[in-house]
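Take a look at the letters that make up each chain.
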Amino acid sequence: MNGVFYRHEMSNKNYEMWSICNENRSECHVMIFQKMYSPLLSHERFTIPYLDQDMDYCEEESNLIYGGDELASIGFYVPIIKEDFHVFEYHFKSC
């Protein structure tokens with residue numbers, strides 16, 4: 001995919017987050033890697049600060065709609081998965 005690759009700084013070191021966003025910020029692929037399952041470390045909010053804050057984005061798998069300003073400031077949560085080395089994939093497209 002052509003676009004800009006981002007490696008996000010995470011306050012919770014149990015997660016790694018990478019994303020690729022196209023040039024006009026209308027589409028973004030996000031991968032989140034959970035290293036180990038731990039009830040104390042398996043809660044994190046993920047933000048995507050570089051999306052267009054005036055656009056609405058549909059998450060392709062869940063069909064949920066997020067505002068760009070919501071994804072930038074509040075973010076979203078991943079479900080609690082009780083397994084080590086789990087990968088979450090999200091595809092946000094402008095609606």
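Details of the structure are given in the entry above.
Residues numbered from 1 in each chain as written. Predicted model: local features only at pLDDT ≥ 70, side-chain atom pairs only at ≥ 80, totals over all residues. Heavy atoms only, no water.

Visitor: Quick rundown of the overall build of the protein chain? Include the residues and the values.
Guide: Tallying secondary structure elements over the protein chain gives one helix and eight strands in all. The N-to-C order of helical and strand elements in the protein chain reads β-β-β-β-β-β-α-β-β. On C-alpha atoms alone, the protein chain measures out to a radius of gyration of 13 Å, which is about the 12 Å that the 2.2 N^0.38 rule sets for 95 residues. C-alpha extents for the protein chain along the principal axes are approximately 35 × 25 × 20 Å. Counting all 95 residues of the protein chain, 40% fall into the buried class. (Helix = DSSP H or I, 4+ residues; strand = E, 2+ residues; numbered from the N terminus. Rg over C-alpha atoms; globule rule 2.2 N^0.38 Å. Buried < 20%, exposed > 50% of the residue type's maximum accessible area, 1.4 Å probe, protein only.)

Visitor: Any chance you could break down the pairing of strand S2 (residues 15-21) for me, citing the residues and the numbers?
Guide: By the criterion of burial, S2 is predominantly enclosed, with five of the seven residues buried. Across five bridges, strand S1 (residues 4-8) lies against S2 in antiparallel orientation. Following the sheet pairing, His 8 is matched in S2 by Met 17. Where S1 folds back onto S2 in an antiparallel hairpin, the turn is made up of six residues. Joining the antiparallel neighbours S2 and strand S3 (residues 27-34) is a turn of five residues, in which Arg 25 adopts a positive phi near 60 degrees. (Pairing = 2+ DSSP bridges.)

Visitor: Help me get a handle on the environment of Lys 13, residues and values and all.
Guide: With respect to the helices, strands and loops of the structure, Lys 13 is situated in the loop between S1 and S2. In the structure, Lys 13 is positioned 28 residues away from Leu 41 in sequence and 8.6 Å away in space, judged by C-alpha atoms. Separated by 3.0 Å, the side chain of Lys 13 and the backbone oxygen of Met 10 make a polar contact. (Polar contact = N/O pair within 3.5 Å; in protein donor to acceptor, adjacent residues only side chain to side chain.)

Visitor: Explain the sheet that holds S2 to me, using residue names and the numbers behind them.
Guide: Strand pairing in a sheet is mediated by backbone hydrogen bonds. Such pairs are either parallel or antiparallel. Here we have six strands laid out as an open sheet, ordered S1-S2-S3-S8-S5-S6, and antiparallel in their pairing. Single-partner strands in this sheet number two, and they are S1 and strand S6 (65-67). Sheet twist, expressed as the mean angle between neighbouring strand axes with direction ignored, is 25 degrees. (Axes fitted to C-alpha atoms, helices over the stretch in contact; angles between N-to-C directions.)

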